[in-house]
Amino acid sequence: MSYLIKGGTVVSTTGPNPADVLVDGERIVALFAPGTGPQEIETIDATGKYVIPGAIDAHTHMQMPFGGTEASDTFDTGTRAAAFGGTTTIIDFAIQRYGEVVQDGLAAWHAKTAGTCHIDYGFHMILGGVDDESLKAMDQLVADEGITSFKLFMAYPGVFYSDDGQILRAMQRARDNGAMIMMHAENGPAIDVLVKQALERGETDPYHHGVTRPQELEAEATSRAIWLASVAADCPLYIVHLSASKALEQVAAARDLGRNVFAETCPQYLYLTLEDQLGAPGFEGAKWVCSTPLRSKHESHRADLWRGLRTNDLAMVSTDHCPFCMKDQKEMGVGDFSKIPNGIGGVEHRVDLLYQGVVDGKLSLGRWVETIATTPARMFGMYPRKGVIAPGSDADIVLYDPAGRTRIGVDTHHMNMDYSAWEGWEIAGRVDTVISRGTVIVRGGEYEGRAGHGRYVPRGLSDYLV
Ligand code: DUC
Ligand code: ZN
Ligand code: ZN
């Protein structure tokens with residue numbers, strides 16, 4: 001089936017441009033100057049709307065077993081919520097646990113996603129144990145499985161933690177096979193000491209989750225990862241969920257030297273703070289326990305992160321969507337913040353929260369699209385199939401209403417969470433219509449999609465490597 005998206009303003013990385021978009025089947029086939037496309041054809045009216053590439057969230061954890069429980073969004077509920085928010089592709093983290101065969105971990109993620117996803121999806125692979133077997137598996141995943149990025153943890157000793165020797169070996173392998181190493185950069189052993197000392201002093205509130213993960217330990221790990229990647233012949237390195245000014249300084253310095261170092265941040269670090277959210281009265285702060293943690297409003301983190309997005313020291317924005325309900329999940333940490341499952345849900349809100357940055361004068365329209373769609377596609381080997389409105393690309397398209405408003409809250413969101421990290425926020429802009437591979441899955445805010453529509457996207461190597 002063919003149709004014309006008519007009367008809208010296409011926004012690409014270079015900015016806005018009025019154009020009509022012709023879709024045939026699952027693909028975009030042409031762009032026309034306004035009114036010059038085919039006449040006898042079904043149309044979708046985009047008057048007054050921005051027409052942007054479907055957004056790509058390159059960092060989600062649907063139904064992830066973690067912290068003694070499991071993230072509360074399934075691939076079904078989480079990808080449906082993502083669709084409502086204008087995201088048409090996620091890259092989730094398949095997990096190899098310590099002692100497990102990497103391919104078995106991957107098979108488990110394929111089993112979870114088969115027939116359940118509303119939008120397209122790819123996988124990164126978390127390596128919970130770096131040894132001869134998992135290093136060999138990296139080559140196989142890159143060559144045969146369309147998995148070209150591997151996450152390692154410098155935090156969470158005894159869970160996902162890799163020591164420096166393991167990290168170096170995985171980086172050397174990645175340098176050889178072209179994969180990207182994604183790093184959770186926090187000094188886990190040092191954090192564990194601070195956590196133990198805090199608990200011994202009786203500091204058990206959620207606020208102390210943030211205090212015991214100071215920015216110095218994020219910056220130190222970020223710097224160490226950058227140096228290890230340098231030793232591994234400039235292995236491509238991507239720092240996940242960067243939250244702090246001093247960590248950003250490390251990335252910026254490496255990038256100034258032309259290194260293959262990239263980083264993302266997340267909406268929670270751009271807007272929320274240690275004092276106002278983690279420090280909320282009683283146990284309320286548990287809603288915002290995530291790692292890396294929210295940072296102090298008395299320091300310049302948020303302004304620095306927005307600037308980093310403008311200067312490209314921060315390449316893009318992902319959510320690190322890892323939702324847990326307060327009831328029975330976050331509550332596990334009443335009286336001991338270290339037992340609160342780490343994670344914030346936000347897969348539904350990234351497009352709107354970053355558009356608010358445009359309205360606030362912090363990002364240009366083109367940079368908005370670049371940080372939520374085009375760069376994620378290029379960073380993780382999906383471009384130009386995804387992340388761009390161009391002939392031949394998948395027809396993943398969002399009609400965005402800049403005159404609309406979005407009110408965020410537990411009563412209106414679609415994520416499987418019993419609270420919202422953004423409760424009561426009313427922000428500019430609204431996702432109107434969402435198209436996934438040519439199929440309208442959200443029309444005027446109403447859902448028309450289905451579980452099973454989403455397909456696995458095997459990925460190539462990153463576009464950004466030199
Ligand atoms: N951080 C979180 O907050 N949740 C999931 C894993 C992680 O690294
Ligand atoms: Zn992480
Ligand atoms: Zn994560």
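- As named in an unreviewed UniProt entry, the protein chain is Dihydropyrimidinase, taken from Pseudosporangium ferrugineum.
- Taken verbatim from the UniProt record of the protein chain, the Cofactor (unreviewed entry) comment is "Zn(2+)".
- Its UniProt record gives the protein chain a comment under Sequence similarities (unreviewed entry), which states: "Belongs to the metallo-dependent hydrolases superfamily. Hydantoinase/dihydropyrimidinase family."

## A closer look at the coordination of the zinc ion (ligand 2)
Part 1 of the reasoning: Around the zinc ion (ligand 2), the donor atoms from the protein are K151 (NZ), H184 (ND1) and H241 (NE2), and they sit 2.2 to 2.3 Å away.
Part 2 of the reasoning: Counting residues between consecutive donors of the zinc ion (ligand 2) along the chain gives the motif K-x32-H-x56-H.
Part 3 of the reasoning: In this structure, the zinc ion (ligand 2) lies 3.8 Å away from the zinc ion (ligand 3). One end of the pair, H184, is in strand β14 (residues 180-184); the other, H241, is in the loop between β15 (237-239) and α8 (245-256), and 57 residues separate them in sequence. Each member of the pair, H184 as well as H241, carries the same accessibility label: buried.

## With respect to the pattern of salt bridges
When the charged atoms of two side chains lie near each other, side chains of opposite charge can form a pair.
Part 1 of the reasoning: Tallying each qualifying case throughout the model produces 28 salt bridges.
Part 2 of the reasoning: Here D394 ties to R27 by a salt bridge, and the two come within 3.2 Å at their closest N and O atoms. Within this pair, whereas D394 is found in the loop between α13 (365-379) and β18 (397-407), its partner R27 is found in strand β5 (residues 27-32), the two being separated by 367 residues in sequence.
Part 3 of the reasoning: Exposure remark for D394: the relative accessible area of 3% places this residue in the buried category.
Part 4 of the reasoning: Residue R259 pairs with D234 through a salt bridge whose shortest N-O separation is 2.8 Å. Taken together, the positions of R259 in the loop between α8 and β16 (261-265) and D234 in the loop between α7 (215-231) and β15 put the pair 25 residues apart, joining distant regions of the chain. Of the two residues, R259 and D234, both sit in the buried class.
Part 5 of the reasoning: Each of E26, R27, D120, R385, K386, D394, D396, R437 and R455 takes part in a single network of salt bridges with overlapping partners.

Rules and cut-offs
- Here the residue numbers are simple positions, counted from 1 along each chain's written sequence.
- The lettering of chains begins at A and the numbering of ligands begins at 1, in the order of writing.
- Thresholds applied to this predicted model are a pLDDT of at least 70 for local features of residues and 80 or more for the giving and counting of side-chain atom pairs; totals over whole chains, interfaces and linings are not thresholded and use all residues.
- Excluding hydrogens and water, the side-chain figures rest on all heavy atoms present in the structure.
- UniProt positions are given in the numbering used here, feature names are shortened, and annotations may be inferred rather than shown by experiment.
- A donor here means an N, O or S atom no more than 2.8 Å from the metal, or no more than 3.2 Å when the metal is Na, K or Ca. Since water is not included, a site may seem to lack partners.
- Each helix is a run of DSSP H or I of at least 4 residues and each strand a run of E of at least 2, with the numbering of both proceeding from the N terminus.
- Think of it in three bands: with a 1.4 Å probe and only protein chains considered, a residue is buried below 20% of the maximum accessible area for its type, exposed above 50%, and partly exposed in between.
- Any Lys or Arg side-chain nitrogen located within 4 Å of an Asp or Glu carboxyl oxygen qualifies as a salt bridge.

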